[in-house]
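So the chains spell out like this:
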Amino acid sequence: MAEAADFQGTSASPARRWLRRTGALMAAAPLLAGLFQSPAAAQADAAAPTAAKAVSGSSTVAVSLDSLSPSAPTDGDTITVTGTVTNKGKQAVTGSRVDLRVGPELDTRSAIDSAAERTSFTLGADGTQVGGKYVEKFAKLAPGVGERFSISVPVDKLDLGDSGVYQFAVAVTGQTAAQPWDQVLGIQRTFLPWQPDEADTRTKTTFLWPLISTVHVTAETGSNEQQTPVFRNDDLAKEISPGGRLDHMLSLGKDLDVTWVLDPDLLASVDAMTGSYKVQDESGTVTAGTHQAVAKKWLAALQKAVADKEVVALPFADPDIASLAHNGTGVAGSLAHLKDATDVAASTVETVLHVQPDTDFAWPVDGAVDPSIVKVATSAGADKVIARSDSLAETGGLSYTPSAARPIGGGNTAVVADARMSTAFDTDMTKSGASTLAVQKFLAQSLELDLQTDKQRSVVVAPQRMPTGSQAQAMAEAITALQSSNWSQSQELGAAAKAKPDPEATTRVPSASEYPSSLRKNQLPKSAFEQIAETQGKLDNFQVVLTNQSRVVTPFGRAINREMSTSWRGRPAQAETFRTGVEAYVDDLADQVKLIKKSETKLSGRSATIPVTVQNNLVQGVHNLVLRLTSTSPTRLKIGGKAYSEQPVAVSGGHSSSVKFTTSANANGRATVVAQLYTQDGQAYGSAVTFDVKVTEITPTVMLVIGGGVLLLVLAGFRMYTQRKRAAARDAEDGGPDETDGTQDGPEGPEGPDGRLPQSPETDDPQHPSDPTPDTAAESTDPSGTGERVDR
């Protein structure tokens, strides 16, 4: 940020600039005097081979500066430098010595960068030897052999001047058989921040400490009440185990004044490991997880570490805001997933860690922003965007680095992290030499920033999202040194965001064309968001039929959040595999509710009942379904008197149910029938089942026989009626029954008390043997036996 000042060569303040210029003039006096030296002396200097050959041999010996303690010395301290020198040449180095060199004070932040980039020795630019007894000598450096060194020197022997950043180097001088004179054969530069007294104005520094990991949990869960989660692999257990990356981050961060930045998905995943869980290997085999104790220990330690610290919660699964802004906003529903991930973040952190996090911050990848990223980042409720100074760069020519907070319109604030300090540890830190150099450069940039002006400023450091263990170690060393320094003081991120902005600092958000191409090529493509939308549509159609939607909605909602994770950058194949797996699992669950296929059905009469079976292999019941049976030839076969008929469906978990439809045939022959399930809002559910219904032929002869039988029955009934009527008339004329006819009145006679013939039980629902009998037998509507259960 504000590097215009560095390029202009501006210094800390007018008073400091005057002191430095005065010192420079005094230092130049001997050089001016040298202009008047005798010609003989000049010729003697020209004859000396050491300086002339110094540059050519300055990379013969590799110098590793493994430690420098203290990193930021003050008056009375003794500096101890340790490291290794290794002869990379083919000839032995003789008469070698390792000495310390103090170079000139560096007045700007860009001067620090330039000094760090130089690799070979440059006479004059690399300062003067401390000399004296503060050297370590080696009679011989054999080719390929490394030698350890350790040099301690009181800081007052370094002749440091005013507060500032000084170049500091370890150099190796020696001879080879090919070049038998003393020369600098190797050098390693670093920086010595020198602030012996407390600074008049301390810089307020915020360091983000991110606990973020990759996606570990699948969408699949067990069919038990606890819904046992299934992990993609066992990598998370390795990260939180002793010596693992996240365990190292936690053990280091607990003793630092930092702002914890957490991905709630990481917390939810570790929390899931504290109970029963399963792990899937590369072959797809699922086994029981065994790291419950490790997960419980890590969470307990984290709860203790953040109890009194500032905690910022990112949206669940750390969604890739830039990818969403550039490729996802044109896909329906994508922004809703970001809102959902933001809403669930606070509750997850509160449940697992028992602290209330700040959810007002969005953190795009590498702090790179453009208007669309800012718009998406703030659409879910966050009003502060963590940017970086190499994206939101200074354009106003400020002579100093301004404070982090910048108003960018719409009530939103960009919290601009310092790019130099934020990227100080993003390279390989496995070698101690690299770690030491990174720490010293970080401290040098911090002090130089503080010396730029007497204004107090707030600076934010946002390192890489997922530091390695060695990177975290270097970061912790730098923070520890910074917190004990005389020029910096710790500050929380929330306070930095609320600090008064510098009125001269830039607030212009860079255009979309300025977004780094290196970041753009690693974004999630539009096809990824289209696949996510397709999965969500299937989930929406599936969940409406469930009696307990939360068992499906919650795990799949979190899985969709994970599909948008920033951690997929640089891993497109793995990202696509995960998305495909989530969609396939939705399909598999939805297919557990289906229609059973039917073979051809025969109807031997004008009407019959056709059963269609719905099977539910889920653990929970389903409802809100409608089964529609449609005849493709309604002139031949009607369902319920029309072309189609519908009936509601509800099936208990692990059961099947038959739904019966009344049909009527108008003609002989074959008719095709289609059975299809629908949700109550009219969306087709699952696959249709198609089968044929064959109406058998009814011949005229058969119809005549049936008609004749019916006619005879009618005539017989009429004859019986007339005979009874005549008998009743005779009885009325004779005044009583004929004693010889064997009949009698009252209950003992053939008539009942109401004058009607008693009916036998069989005549309550008369049926005739000639009536057509349905070919399809009636089926019980009681639930069938339990089918195969699945995980829903």
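Remember, predicted model here, so these are calculated numbers, not experimental data. (Residues numbered from 1 in each chain as written. Predicted model: local features only at pLDDT ≥ 70, side-chain atom pairs only at ≥ 80, totals over all residues. Heavy atoms only, no water.)

*Asks:* Quick question: what am I supposed to make of the overall build of the protein chain here?
*Replies:* Scanning the protein chain for helices and strands turns up 21 helices and 30 strands. Across the 792 residues of the protein chain, 46% fall into the buried class. Here the contacts in the protein chain between residues at least 6 apart in sequence split such that 78% fall between residues at least 24 apart. Surface summary for the protein chain: the accessible area is close to 37,000 Å², and the carbon and sulfur share equals 52%. (Helix = DSSP H or I, 4+ residues; strand = E, 2+ residues; numbered from the N terminus. Buried < 20%, exposed > 50% of the residue type's maximum accessible area, 1.4 Å probe, protein only. Contact = heavy atoms within 4.5 Å. Areas by Shrake-Rupley, 256 points an atom, 1.4 Å probe, with all protein chains shown as cover.)

*Asks:* Explain the side chain of Thr663 here, please?
*Replies:* Inspection of the secondary structure assignment puts Thr663 in strand 28 (residues 655–665). Apart from residues no more than four positions distant in its own chain, Thr663 is found in contact with Leu603, Arg606, Ser607, Ala608, Ile610, Leu637, Lys638 and Ile639.

*Asks:* What exactly am I supposed to notice about the sheet that holds strand 26 (residues 637–639) here?
*Replies:* What links the strands of a sheet is backbone hydrogen bonding, and the strands pair in either a parallel or an antiparallel sense. An order of 22-24-28-26 is seen for the four strands of this open sheet, with the pairing classed as antiparallel. The open sheet is flanked by strand 22 (593–595) and strand 26, the only strands paired with a single partner. Across the sheet, the axes of successive neighbouring strands diverge by a mean angle of 35°, strand direction being ignored. Of the pairings in the sheet, the one linking strand 26 to strand 28 comprises three bridges and is antiparallel in character. (Pairing = 2+ DSSP bridges. Axes fitted to C-alpha atoms, helices over the stretch in contact; angles between N-to-C directions.)

*Asks:* Just checking my understanding: could you explain the nonpolar core for this structure?
*Replies:* General note: in soluble globular proteins, nonpolar side chains tend to be found buried as a group. Core analysis: the biggest nonpolar cluster contains 76 residues, and Phe542, Phe556 and Leu627 have the highest contact counts within it. At seven residues, helix 20 (residues 572–590) tops the list of elements feeding residues into this core. The contacts of Phe556, once residues within four sequence positions are left out, are Ala219, Leu539, Val582, Tyr585, Val586 and Leu589. Ranked by size, the runner-up nonpolar core spans 64 residues in total, among them Leu267, Trp298, Leu302 and Phe425. (Core = buried A, V, L, I, M, F, W, Y, C linked by side-chain atoms within 4.5 Å.)

*Asks:* Can you help me understand the pattern of salt bridges in this one?
*Replies:* By the definition in use, this model includes 27 salt bridges. One salt bridge connects Asp318 with Arg465, and the closest N-O pair in it is separated by 2.8 Å. Of this pair, Asp318 sits in the loop between strand 15 (311–313) and helix 10 (321–328) while Arg465 sits in the loop between strand 20 (458–461) and helix 15 (469–483), placing them 147 residues apart in sequence. Each member of the pair, Asp318 as well as Arg465, carries the same accessibility label: buried. In this structure, the salt-bridge partner of Asp360 is Lys384, at a minimum N-O distance of 3.9 Å. With a gap of 24 residues between them, Asp360 in the loop between helix 11 (334–353) and strand 16 (361–362) and Lys384 in strand 17 (residues 384–388) connect regions that are remote in the sequence. On the basis of relative accessibility, which here comes to 28%, the residue Asp360 falls in the partly exposed class. In this structure, a network of salt bridges that share partners links the residues Glu534, Lys538, Glu583 and Asp587. (Salt bridge = Lys/Arg side-chain N within 4 Å of Asp/Glu carboxyl O.)

*Asks:* Would you mind going over the packing of helix 10 against helix 12 (residues 371–379) with me for this structure?
*Replies:* Think of two packed helices as two axes; the pair is described by the angle between the axes and how far apart they sit. The contact between helix 10 and helix 12 brings their axes to 8 Å, and the two run at 110°. Considering their axes alone, helix 10 and helix 12 lie roughly perpendicular with respect to each other. Pair helix 10 / helix 12 crosses with right-handed handedness. Each of Ile321, Ala322, Leu324, Ala325 and His326 in helix 10 lies in contact with helix 12, whose residues at this interface are Ser372, Ile373, Val376 and Ala377. Of the residues belonging to the contact of helix 10 with helix 12, the class tally is seven nonpolar, two polar and no charged. (Parallel < 35°, antiparallel > 145°, perpendicular 65-115°, else oblique. Left-handed = near helix turned anticlockwise from the far one by under 90°. Nonpolar A, V, L, I, M, F, W, Y, C, P; charged D, E, K, R; others polar.)

*Asks:* Please clarify how a negative patch on the surface should be interpreted in this entry.
*Replies:* A surface patch of negative charge is lined by Asp75, Asp156, Asp159 and Asp197. Within the element layout of this structure, Asp156 appears in the loop between strand 6 (146–154) and strand 7 (164–175). Overall, the relative accessible area of 58% leaves Asp156 in the exposed class. (Patch = residues over 30% accessible without salt bridge, like charges linked within 9 Å, V, L, I, M, F, W, Y side chains within 5 Å. Lys, Arg positive; Asp, Glu negative; His and termini not counted. Charge placed at Lys NZ, Arg CZ, Asp CG, Glu CD.)

*Asks:* Sorry, what's going on with helix 8 (residues 264–273) here?
*Replies:* Residues that lie three or four places apart on an α-helix share one face, since the helix turns once every 3.6 residues. Burial analysis of helix 8 places seven of its ten residues in the buried class, which makes it a mostly covered element. Where helix 8 is concerned, the buried positions are Pro264, Asp265, Leu266, Leu267, Ser269, Val270 and Met273. The distance from a side-chain oxygen at the start of helix 8 to the backbone nitrogen of Asp265 is 3.0 Å, and the residue carrying that oxygen is Asp263. (Polar contact = N/O pair within 3.5 Å; in protein donor to acceptor, adjacent residues only side chain to side chain.)

*Asks:* Please explain the confidence of the model for the protein chain as it appears in this structure.
*Replies:* As a general rule, the predicted coordinates of low-pLDDT regions are not to be interpreted in detail. Considering every residue of the protein chain, the mean pLDDT works out to 86; 83% of them sit at 70 or more. Counting contacts from residues 1–56, a segment whose pLDDT is below 50, to residues more than four positions away or on other chains yields 69 contacts. (pLDDT = per-residue confidence, 0-100.)

*Asks:* So what exactly am I meant to see when it comes to the environment of Lys521 here?
*Replies:* Mapped onto the secondary structure, Lys521 falls in the loop between helix 17 (517–520) and helix 18 (526–543). Residue class for Lys521 comes out exposed when judged on its relative accessible area of 67%. In this structure the C-alpha to C-alpha distance between Lys521 and Gly570, which are 49 residues apart in sequence, comes to 8.9 Å.

*Asks:* When you look at unusual backbone geometry in this model, what are you seeing that I'm missing?
*Replies:* Phi is mostly negative for residues that are not glycine, and the peptide bonds are mostly trans. Look at the link from Ser69 to Pro70: it is a cis peptide, with omega at -5°. Note on placement: Pro70 falls in the loop between strand 1 (61–69) and strand 2 (78–87). Even without being glycine, Asp159 reaches a positive phi, approximately 55°. Residue placement: Asp159 occurs in the loop between strand 6 and strand 7. On the basis of relative accessibility, which here comes to 68%, the residue Asp159 falls in the exposed class. In this model, His354 sits at a positive phi of 60°, which is unusual for a non-glycine residue. Relative to the assigned elements, His354 resides in the loop between helix 11 and strand 16.

*Asks:* When you look at the sheet that holds strand 29 (residues 669–679) in this model, what are you seeing that I'm missing?
*Replies:* In space, the five strands of this open sheet follow the order 23-30-29-25-27, with mixed pairing throughout. At either margin of the open sheet sits one strand with a lone partner, and together these are strand 23 (601–603) and strand 27 (644–651). Adjacent strand axes in the sheet meet at a mean angle of 30°, parallel and antiparallel pairs treated alike. In the sheet, strand 29 pairs with strand 30 (residues 684–695) via nine bridges, with the strands oriented antiparallel. Within the sheet, the bridge partner assigned to Gly669 lies in strand 30 and is Val695.

*Asks:* Where do I start with helix 12 in this structure?
*Replies:* All buried positions along helix 12 are accounted for by Ile373, Val374, Val376, Ala377 and Thr378. Buried-residue contacts for helix 12 involve helix 10, helix 11, strand 16, strand 17, strand 18 (405–409) and strand 19 (412–417). Phi turns positive one or two residues past the end of helix 12, at Gly381, with a value near 120°.

*Asks:* In this structure, what is going on with the environment of Val270? I would like to understand it.
*Replies:* Note on placement: Val270 falls in helix 8. Residues Val270 and Val217, spaced 53 residues apart in sequence, show a C-alpha to C-alpha distance of 9.9 Å.

*Asks:* What should I look at first to understand the environment of Asn224 in this one?
*Replies:* Mapping Asn224 onto the fold places it in the loop between strand 10 (217–221) and strand 11 (229–231). Separated by 395 residues in sequence, Asn224 and Val619 have C-alpha atoms that sit 8.7 Å apart.

*Asks:* Would you mind going over the packing of aromatic side chains with me for this structure?
*Replies:* How two aromatic rings sit relative to each other is set out by the distance from centre to centre and by the angle between their planes. Under the counting rule described, the total for this entry stands at six aromatic pairs. When the centroid spacing of 5.5 Å and the interplanar angle of 40° are considered together, the rings of Trp568 and Phe578 count as tilted. One end of the pair, Trp568, is in the loop between helix 19 (550–563) and helix 20; the other, Phe578, is in helix 20, with ten residues separating them in the sequence. The class of Trp568 is buried, set by a relative accessible area of 2%. Accessibility expressed as a relative area gives 6% for Phe578, which makes it buried. Three or more aromatic residues link up through ring pairs in this structure, and these residues are Phe207, Trp209, Phe425 and Phe442. Taking NZ or CZ as reference, Lys384 lies 5.6 Å from the ring centre of Phe361, over its face. The cationic tip of Arg628 hangs over the ring face of Tyr678; the distance from NZ or CZ to the ring centre is 4.4 Å. (Phe/Tyr/Trp six-rings, centres within 6.5 Å; stacked < 30°, edge-to-face > 60°. Lys NZ or Arg CZ within 6 Å of the ring centre and 35° of its normal.)

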